Amino acid sequence: MAAIDLAPGADENGLAMMLATLMAQNLEDHPERLGVFGRLRGRVAILAEDADVALTLEFQRGRVVVHDGVVGIPDLTLRGEAEPIGDMSRMESWGPFPDPRGEVNRAMWKALREKRLRVFGLPRALPLLLGMGDVLAVH
Amino acid sequence: MALKFPSAEWTAAFKDAVNANAAYGSAGKDWTHGKVAYVVKADPKLGTDADMAMVLDLHEGSCRGAAYVRADEATDAAFVIVAEYPRWREVMSGQVDPTKAMMQNKLKLQKGHLPTIVKFVVASKELVKSALALDTQYPLD
């Protein structure tokens, strides 16, 4: 069973609560994703700038601690508008990769081009990004 | 005549507005996951001494029924979203996007399967947008 823990203060952070709940329910619904979750290691900072909300996911190979705000030095940082950040878990997959034909994915690419969503830490943290995407995906 | 939010009259009119919203009909066509309750926390300024729920019986892109009841009577709702009145006013009047409001902890999913809500996020937004078609009187304005 996946260990998903909230650091002090994270229970008052709506985005942190959403992602913690999403990971817990997804891993319960899709136990086959536990393997991916068990391999994830590193810190992901997510900042929804227009919602004034930030959090850090600290993956520790089979455990994740969800922190309120940016904690430590992130390996991967996603910052931008709340909408594309919220859409991350709706991205369509094509095997282990995002499906370029997907409606949500096209909207994400547009957000990236328009700098409404910015990703820092690539290409080094690409496995972390893809693995996290798999754990959060609702499809 | 403007309808007071929240109230039984407003909830009934909201049902009609949802059914008149073609974008909701399209985005929610695969929704078979049960009733959704919007709970407004008790607020003495509103004259409510209990949490009140607007329960929407949503199914395949339409709203089959709507009821305004005490929240503790809304036990058949599969999804329960709770907020203080001022937060609902912000969302229902289009000032704040519902997803953003959840990220800010203004709206809280008290009951229900979050991945399903996320999957139907476009439908959720269209549902809320339906309220913009109503002539609404928000008390304390």
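What comes next is a walk through the structure. The structure displayed is predicted, hence computed values, not measured ones.

1. Things to note about the overall build of chain A
Okay, step 1: A tally of regular secondary structure across chain A gives five helices and eight strands.
Okay, step 2: Taken against the 2.2 N^0.38 rule, which gives 14 Å for 139 residues, the C-alpha radius of gyration of chain A at 14 Å falls within 12% of a compact globule.
Okay, step 3: Looking at the 139 residues of chain A, the share that counts as buried comes to 40%.
Okay, step 4: Of the contacts made within chain A by residues no fewer than 6 positions apart, 64% connect residues no fewer than 24 positions apart.

2. Looking at unusual backbone geometry
Okay, step 1: Look at the link from L122 of chain A to P123 of chain A: it is a cis peptide, with omega at 5°.
Okay, step 2: Within the secondary structure, P123 of chain A is located in the loop between strand 8 (117–120) and helix 5 (126–136).
Okay, step 3: Here the residue pair F5 of chain B and P6 of chain B is connected by a cis peptide bond, since its omega of -5° sits within 30 degrees of zero.
Okay, step 4: Along the chain, the position of P6 of chain B falls in the loop between strand 1 (3–4) and helix 1 (8–20).
Okay, step 5: With a phi close to 50°, R61 of chain A is a non-glycine residue in the positive phi region.
Okay, step 6: Here R61 of chain A shows up in the loop between strand 3 (53–60) and strand 4 (63–68).
Okay, step 7: The residue K115 of chain A is not glycine, and still its phi comes out positive at about 60°.
Okay, step 8: Looking at the secondary structure, you find K115 of chain A in the loop between helix 4 (103–113) and strand 8.
Okay, step 9: The exposure class of K115 of chain A is exposed, given the 9 C-beta atoms found within 10 Å.

3. Brief notes about the interface of chain A and chain B
Okay, step 1: Listed as interface residues are 19 residues of chain A and, on the opposing side, 13 residues of chain B.
Okay, step 2: Residue assignment for the side of chain A that touches chain B shows that the elements contributing at least two residues are helix 1 (14–29) and helix 3 (82–87) of chain A.
Okay, step 3: Among the elements that line the side of chain A that touches chain B, the one with the most residues is helix 1 of chain A, at eight residues.
Okay, step 4: For the side of chain A that touches chain B, a count of residues per class yields eight nonpolar, seven polar and four charged.

4. Brief notes about the pairing of strand 3 of chain A
Residue and element names in this part refer to chain A.
Okay, step 1: Burial within strand 3 is extensive, with seven of its eight residues counted as buried.
Okay, step 2: Sheet topology places strand 2 (residues 41–48) next to strand 3; eight bridges connect them, and they run antiparallel. What sits directly across from R41, in strand 3, is Q60.
Okay, step 3: Linking strand 2 back to strand 3 in an antiparallel pair, the connection comprises four residues, with D52 at a positive phi of about 60°.
Okay, step 4: With five bridges connecting them, strand 3 and strand 4 associate as antiparallel partners. Each bridged residue has a counterpart across the sheet, and for E58 the counterpart in strand 4 is V65.
Okay, step 5: In this structure, the hairpin formed by strand 3 and strand 4 is closed by a connection of two residues, where R61 is found at a positive phi of approximately 50°.

5. A closer look at the environment of V82 of chain B
Residues and elements named next belong to chain B.
Okay, step 1: Positionally, V82 belongs in strand 5 (residues 77–83).
Okay, step 2: Taking the C-alpha atoms as reference points, V82 and S7, 75 residues apart in sequence, are found 16 Å from one another.
Okay, step 3: Those residues in contact with V82 that lie beyond four places of it in its chain are V39, K41, K108 and Q110.

6. Quick word on the nonpolar core
Okay, step 1: In this structure, L15, L19, I46 and A48 of chain A together with A37 and A53 of chain B are the most contacted members of the largest nonpolar core, which totals 82 residues.
Okay, step 2: Residue contacts for A53 of chain B: discarding those within four places in its chain leaves A37, Y38, V39, V69, A71 and A74 of chain B.

7. Here we look at the sheet that holds strand 6 (residues 108–111) of chain B
Residues and elements named next belong to chain B.
Okay, step 1: Read from one edge of the open sheet, five strands run 4-3-2-5-6, paired in mixed fashion. Of all strands in the sheet, those with a lone pairing partner are strand 4 (62–70) and strand 6, marking the two edges. In this sheet, adjacent strand axes meet at a mean angle of 25° when their direction is disregarded.
Okay, step 2: Of the strand pairs in this sheet, strand 2 (residues 35–40) and strand 3 (residues 52–59) are connected by five bridges, and their pairing is antiparallel. Bridging from a neighbouring strand, V40 pairs with M52 of strand 3.
Okay, step 3: In the packing of helix 1 onto the sheet, contacts are made with strand 3 and strand 4, and the angle to strand 4 comes to roughly 165°.

Conventions we followed
Residues numbered from 1 in each chain as written. Chains lettered and ligands numbered in written order. Predicted model: local features only at pLDDT ≥ 70, side-chain atom pairs only at ≥ 80, totals over all residues. Helix = DSSP H or I, 4+ residues; strand = E, 2+ residues; numbered from the N terminus. Rg over C-alpha atoms; globule rule 2.2 N^0.38 Å. Buried ≥ 20, exposed ≤ 12 C-beta atoms within 10 Å, placed from the backbone. Contact = placed C-beta atoms within 7 Å. Nonpolar A, V, L, I, M, F, W, Y, C, P; charged D, E, K, R; others polar. Pairing = 2+ DSSP bridges. Core = buried A, V, L, I, M, F, W, Y, C linked by C-beta atoms within 7 Å. Axes fitted to C-alpha atoms, helices over the stretch in contact; angles between N-to-C directions.

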